[in-house]
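Spelled out, the chains give:
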Amino acid sequence: MTAAARAERCRSLDERLRSLLAEAVRALPEAAGRTALVAVGGYGRSEMSPLSDVDVVLLHTPDLPDDVCAEVAELVWYPLWDDGVSLDHAVRSTDEMRSVAAADWKAAVGMVDTRHVAGEQSLVRSVRSAVLADWRRGARRRLPQLRAAWAERLDRAGDLAYSAVPDLKDSRGGLRDAVLLRALVATWLVDAPHRPLEEHRAALLDIRDSLHVAAGRPSDRWTPELLPDVARLHGVEPEPLDHQLRDVGRRTGQLVDLTWSRLLHRSSPRRRIRTRRIDRSATDPFAFVPAAADAAERGVLLGPSAAAWFARPSATLPDPWPEHARRDLVRLLAAGPGLVPVWETLDCAGLVGRFLPEWSGIRLRRSQSAVHRFTIDRHSVETCVEASHRLRDVARPDLLVLAALLHDIGKGPAVDGADRDDHSTAGAQTADKIARRLGFDDDSATTVAFLVRNHLLLPGTAVRRDLDDPATARAVAAEVGDLDRLELLATLVECDARSAGPTAWTGWRAGQVHRLVGEVAAVLRRTGPQPTPVEHLGGWEPPRRLGATGGRDGYQLVAEAGSHGSRLLVTGPDRIGLLADLAGTLAAAGLGVRAARAATRDGVAWSQWDLDATTVDTGRLKLRLDRVLDATTDLATRLDIASPPATAARVRVLSGTSATATVLEVRAADQPALLWRVFRTLADAGADVRSAHVDTLGPQAQDVLYVTDRHGRALPQHAADRLAAALKRALSPH
Amino acid sequence: MKLVTAVVKPHKWDDVRDALETFGVAGMTVTEASGYGRQKGHTEVYRGAEYDVTLVPKIRVEIVVDDDDVADVVGIVAKAAQTGKIGDGKVWVQPVDSVLRIRTGEQGAAAL
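Residues numbered from 1 in each chain as written. Chains lettered and ligands numbered in written order. Predicted model: local features only at pLDDT ≥ 70, side-chain atom pairs only at ≥ 80, totals over all residues. Heavy atoms only, no water.

When helices and strands are tallied, chain A shows 29 helices and twelve strands. Its C-alpha atoms put chain A at 110 × 65 × 50 Å along the principal axes. Here chain A holds 734 residues, and 55% of them are scored as buried. When the accessible surface of chain A is split by element, carbon and sulfur atoms take 50% of a total near 32000 Å². (Helix = DSSP H or I, 4+ residues; strand = E, 2+ residues; numbered from the N terminus. Buried < 20%, exposed > 50% of the residue type's maximum accessible area, 1.4 Å probe, protein only. Areas by Shrake-Rupley, 256 points an atom, 1.4 Å probe, with all protein chains shown as cover.)

Quick look at the overall build of chain B now. The helix and strand inventory of chain B stands at two helices and six strands. Each helix (α) and strand (β) of chain B, taken in turn from the N terminus, gives the series β-α-β-β-β-β-α-β. Evaluated residue by residue, chain B yields a buried proportion of 34% over its 112 residues. For chain B, long-range pairs separated by at least 24 residues make up 71% of all intrachain contacts whose partners lie at least 6 apart in sequence. A total accessible area of about 6800 Å² is found for chain B, and carbon and sulfur atoms account for 50% of it. (Contact = heavy atoms within 4.5 Å.)

With 17 residues of chain A at the contact, the number on the chain B side is 16 residues. Here chain A and chain B share an interface that buries about 1400 Å² over both sides, 47% of which is from carbon and sulfur atoms. Looking at the side of chain A facing chain B, the largest losses of area belong to A:Asp466, A:Trp508 and A:His514, adding up to 41% of the total buried there. Run the count over chain A and chain B and you get three salt bridges. A salt bridge links B:Glu32 to A:Arg509, with the nearest nitrogen and oxygen atoms 2.6 Å apart. Along the contact surface separating chain A from chain B lie five residue pairs in polar contact (both at pLDDT 80 or more). Counting residues per element, the side of chain A that touches chain B draws most heavily on helix α24 (residues 507-527) of chain A, at seven residues. (Buried area = accessible area lost by both parts, 1.4 Å probe. Salt bridge = Lys/Arg side-chain N within 4 Å of Asp/Glu carboxyl O. Polar contact = N/O pair within 3.5 Å; in protein donor to acceptor, adjacent residues only side chain to side chain.)

This paragraph deals with the nonpolar core. Residues and elements named next belong to chain A. Leu332, Trp343, Leu346, Leu356, Trp359, Leu406 and Leu458 are the most contacted members of the largest nonpolar core, which totals 88 residues. Here this core takes nine residues from helix α23 (residues 483-500), the largest share from any one element. Those residues within four positions of Leu406 in sequence are excluded, and the remaining contacts are Leu356, Ala431, Ile434 and Val452. Val616, Leu621, Val628 and Leu731 belong to the second-largest nonpolar core, a separate cluster that totals 50 residues. (Core = buried A, V, L, I, M, F, W, Y, C linked by side-chain atoms within 4.5 Å.)

So, on to helix α29 (residues 717-730) of chain A. In an α-helix there are 3.6 residues to a turn, and that puts residues three or four apart on one side. Residue and element names in this part refer to chain A. Along its 14 residues, α29 runs 20 Å from first to last C-alpha, staying within 8% of the 20 Å computed at 1.5 Å per residue. If you check which residues of α29 are buried, you get Ala719, Ala720, Leu723, Ala724, Ala726, Leu727 and Ala730. Taken end-on, α29 shows its buried residues confined to a sector of 160 degrees, consistent with a single buried face. Counted as exposed and oriented over 90 degrees from the buried face of α29: His718, Arg722 and Arg729. Against the buried residues of α29 lie β9 (650-653), β10 (662-669), α28 (674-684) and β12 (700-708). (Expected span 1.5 Å × (residues − 1). Arc of directions from axis to C-beta.)

Turning to the side chain of B:Asp88, a few remarks are in order. Residues and elements named next belong to chain B. With respect to the helices and strands, Asp88 occurs in the loop between α2 (70-81) and β6 (89-95). On the basis of relative accessibility, which here comes to 16%, the residue Asp88 falls in the buried class. At 2.5 Å, the side chain of Asp88 forms a polar contact with the side chain of Thr83. A distance of 2.8 Å separates the side chain of Asp88 from the backbone nitrogen of Gly84, its partner in a polar contact. Asp88 has contacts with Val7, Val8, Lys9, Ala81, Gln82 and Thr83, leaving out every residue within four places of it along the chain.

A few words now on the sheet that holds strand β4 (residues 115-119) of chain A. Pairing between the strands of a sheet is mediated by backbone hydrogen bonds and can be parallel or antiparallel. Residue and element names in this part refer to chain A. Spatially, the four strands line up as an open sheet ordered β3-β2-β1-β4, and their pairing is mixed. Sheet topology places β3 (87-93) and β4 at the edges, where each strand pairs with a single neighbour. Neighbouring strand axes in the sheet, compared pairwise and without regard to direction, differ in orientation by 25 degrees on average. Where strand β1 (residues 35-39) and β4 come together, four bridges link them in antiparallel fashion. Opposite Leu37, over in β4, you have Ala118 as the bridge partner. Running at roughly 35 degrees to β4, helix α1 (residues 3-27) makes contact with β1, β2 (54-60) and β4 of the sheet. Sheet contacts for helix α4 (residues 94-103): β2 and β3; angle to β3, the most-contacted strand, approximately 110 degrees. (Pairing = 2+ DSSP bridges. Axes fitted to C-alpha atoms, helices over the stretch in contact; angles between N-to-C directions.)

All names here are of chain B. One open sheet holds the four strands; their spatial order is β2-β5-β1-β6, and the pairing between them is antiparallel. With one partner strand each, in any of the chains shown, β2 (29-35) and β6 form the two edges of the open sheet. Within this sheet the neighbouring strands show an average axis-to-axis angle of 20 degrees, counted without direction. Of the strands in this sheet, β1 (2-8), β5 (56-65) and β6 are in contact with α2, which crosses β1 at around 5 degrees.

Here we come to the side chain of B:Lys58. Here B:Lys58 lies in strand β5. Only 2.5 Å separates the side chain of B:Lys58 from the backbone oxygen of B:Gly87, close enough to count as a polar contact.

So, on to the pattern of salt bridges. Residue and element names in this part refer to chain A. Overall, the coordinates contain 70 salt bridges over all chains when judged by the stated rule. We note a salt bridge from Arg172 to Asp257, for which the minimum N-O separation is 2.7 Å. Within this pair, whereas Arg172 is found in the loop between α7 (139-157) and α8 (175-185), its partner Asp257 is found in helix α11 (residues 238-267), the two being separated by 85 residues in sequence. Since its relative accessible area comes to 7%, Arg172 is described here as buried. On the basis of relative accessibility, which here comes to 16%, the residue Asp257 falls in the buried class. The partner of Glu519 in a salt bridge is Arg515, and the shortest N-O contact between them spans 3.1 Å. Of this pair, Glu519 and Arg515 both sit in helix α24, four residues apart, which is roughly one turn of the helix.

A separate point is unusual backbone geometry. All names here are of chain A. Note the cis peptide between Asp319 and Pro320, where omega equals 5 degrees. By the element assignment, Pro320 lies in the loop between α13 (304-310) and α14 (323-333). With a phi close to 60 degrees, Ser46 is a non-glycine residue in the positive phi region. Mapped onto the secondary structure, Ser46 falls in the loop between α2 (41-44) and β2. For Ala673, which is not glycine, the phi torsion reads 70 degrees and is therefore positive. Residue class for Ala673 comes out buried when judged on its relative accessible area of 7%.

Attention now goes to the environment of A:Ala334. All names here are of chain A. By the secondary structure assignment, Ala334 is in the loop between α14 and α15 (339-348). Look at Ala334 and you get buried, because its relative accessible area is 7%. Discounting residues that sit within four places of it in the chain, Ala334 has contacts with Ser388, Leu391, Val401 and Pro699.

Okay, empty space enclosed by the protein next. All names here are of chain A. Under the definition given, this model contains five cavities of 30 Å³ or more. Volume-wise, the largest cavity comes out at about 170 Å³. Looking at the largest cavity, it is lined by 22 residues, and the ones nearest its centre are Asp574, Arg575, Leu578, Leu579 and Val689. Taken together, the elements giving at least two residues each to the lining of the largest cavity come down to β6 (565-573), α25 (578-588), β7 (593-601), β8 (604-611), α28 and β11 (688-697). (1 Å grid on protein atoms, 1.4 Å probe; cavity = no way out; pocket = protein on both sides within 12 Å on 5 of 7 lines; lining within 4 Å. Points joined across faces, edges and corners; volume = space filled by probe spheres on them.)

Okay, structure coming up:
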């Protein structure tokens, strides 16, 4: 099953074809010098497997009479059929060859690898150079077609590296992709690293040959049943062979992705997206995290050269991670579909192994369960992608995406194939350690471990226990503990099932799980612990003596610079609409807000703003604020047009949280001017903000607002509902 | 030969399978099914949205057995699936003309 064996097969067939054409020309002398046999496709590339079809074209000059062509063809094809060769044949004049390639890009791609076998060599040379010239000339026009067909093939055939049952030929990173790369390089619009490409292709061909022999037919489906036989033919164990194949597929797939990306940028310069410039003098070992998050959020590839630079030997990562790195990691995990290629690049460059060594246990590892469509590592990443669509459903989206990434981390070799619950228990311990290493606090790490340990609890109970028995919901409620955890667990379960495959989240199963969750939620609402009011959580109390930092007559701005952000403190006389003006001033100045706390005491408003910018010019900011306060700057015109809401927000009235204020919770995609919109809507409704608690978790903003009427009382229920509806309207696309 | 089809509550499926395996039933086809009988289904509320669940989730089990085993298999399924409450399910039996094991070509009882 080696390149030498393939070459020998082709050489032997070449000889047979040469002798057959020579005999035909002896019988029909007018064909001499006017015919040639051309190998195309896999035979053209000299990579025939033991059971491959043989693609041969009888090429002739346009003036050769049809009856002579037909006779030559019969004299060549029939003996081959008698030999049992599986022949895919065609008879074409040199002009036809060129027009077929011009009309059909698939034929053109096949002709990139034409090879002269027998007969008049100059015919083949001239056709080949004409077809290649046409290919280069029409490449820009054909690229969209080619790319659409490539995308359609990948949709159908999946990914050689990650699909549960990939196709060695058609899947991403498979043999057809290697051929496509050659065709793309032949356009002269782009180049690809030839040596690794040829090495990957040769490795794939070796395995493909063994697969054909083991299957007894030219099937390219990499089915688990055949793996032991193929491994035996290769003299290796099944698992290492599976890993090797997937790794080769992954690297070939990356080359194709990158080549397409370069081609698209070249043919359409306006598609270029300017990413944050990498500061190559920086020594921050976490520099790769924000770069990866930026790339994933924008849906662009992280270039291998950048990844290689990030992966150079550098200082070891501190344990625990600093806050800024953790925030960026959450942003990366919650970025959506852009995470998939970026994570692959980070992993291929060795960066994932550096910050998450536990990943090696699940990397490119096949799942033992037939419902899974992906390997365990890709399934985990896809679960993050699913979670990115459901951030609004949970109070802690950062924990949701981390648990999504780690929920199967226990499926390493040690417990693979063991009882299903084992991987949850082992994974929970690992996830707890990882969460602490990444800088999450004790409560958060414990919650992540809980989610990993119990990610099978809801589906297992929903289909195996009697849901009509109230004891079932009570038992699950006792295990879960509170509503926030239930919300997280239910969302994780759905994301896990949806990413596993269509059979894992059928309407039947979803109905069972939803029913159980509803009943457990009802139990927890009756008997579970009441959430601690955010106002009482501590850690944000305003200074007791406000007069020392601000006054009743003017606004004082004080900034504290940090290495990864800054903190701005604002004090001054309170009035309805002040927070809207402050948030709008910051948004208009281009200052992103990560977190904010605001409160009022004795008529003095105090607010603290954690900003992305490392330095803040408070003098200029004060001037901007003054212009907003005296209505010289119209924030509504500037901010409404500049950044309209892109996705719908979720707004809830948290009933029963406070007796003296109405508590509103806002969950929305983080974007410029979001806070200004929130506070302006409250001000327009005449609501006074007693305190505000604003956080950003990954790409989601979470705000809890304690509001009162002008007399300092909680709003009546109908007014609270109206205010929540107004906020939802203001924060959703118009 | 007969085809025994049982529709049981999902949470009783493990009990039914254990009982059948203990008896010696070698294989069966299991489907996640939905339907309703005399209980006519019910309505559920999930995350504030009410949705109609007139179809109650069930597990459908199909087993082809030799004529001599039919009564035992029906009895085993009924006993294992019974809770005594509404919605326990049904078991029914149909005649089977022939069975062929695709891999070996065996036919009739040998293919069971």
